[in-house]
Amino acid sequence: MTTKQGVTNVDTRQELAELVRRRTEISDTLANLERQIYAFEGSYLEDTHQYGNIIRGWDRYQAATKANVGPDKRNRKFKENERLFSKSSITSMVNSDKSSH
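Residues numbered from 1 in each chain as written. Predicted model: local features only at pLDDT ≥ 70, side-chain atom pairs only at ≥ 80, totals over all residues. Heavy atoms only, no water.

Novice: Could you clarify how one ought to interpret the environment of Arg 35 in this entry?
Specialist: With respect to the helices, strands and loops of the structure, Arg 35 is situated in helix H1 (residues 2–47). Taking the C-alpha atoms as reference points, Arg 35 and Ser 92, separated by 57 residues in sequence, lie 8.0 Å from one another. Polar side-chain contacts of Arg 35 include one of 2.4 Å to the side chain of Asn 32. (Helix = DSSP H or I, 4+ residues; strand = E, 2+ residues; numbered from the N terminus. Polar contact = N/O pair within 3.5 Å; in protein donor to acceptor, adjacent residues only side chain to side chain.)

In structure tokens:
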């Protein structure tokens, strides 16, 4: 009986080690995806600031089209609260930064 108990303990420990390893891999993958989303979102918000985007709406597109305005490189900034997609994940760095303050 002791060998059966010993085998069960070893199997349980191996299974636990494997689960911890998988959890670490999944956490790393999630963090990488969130960094990519953050970067792509920033790029999108900067590139679409002049004509409008899904966050600000498309009112500026109509005004810029009517006035035949060229690209405006001066004001490419956006507000952090416009990061809708980055803030949608509870584990994202955007939400992590706010919770640590």
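The structure having been displayed, the exposition proceeds.
Novice: Is there a simple way to think about the side chain of Ser 86 in this case?
Specialist: Within the element layout of this structure, Ser 86 appears in the loop between helix H2 (59–67) and helix H3 (93–99). Engagement of the side chain of Ser 86 in a polar contact is seen with the side chain of Glu 41, the distance being 2.3 Å.

Novice: Explain the packing of aromatic side chains here, please?
Specialist: For any pair of aromatic rings, the description rests on two quantities: the centre-to-centre distance and the angle between the ring planes. Per the counting criterion, the structure on display carries zero aromatic pairs. Cation over ring: Arg 83 sits above Tyr 38, and NZ or CZ is 3.6 Å from the ring centre. (Phe/Tyr/Trp six-rings, centres within 6.5 Å; stacked < 30°, edge-to-face > 60°. Lys NZ or Arg CZ within 6 Å of the ring centre and 35° of its normal.)

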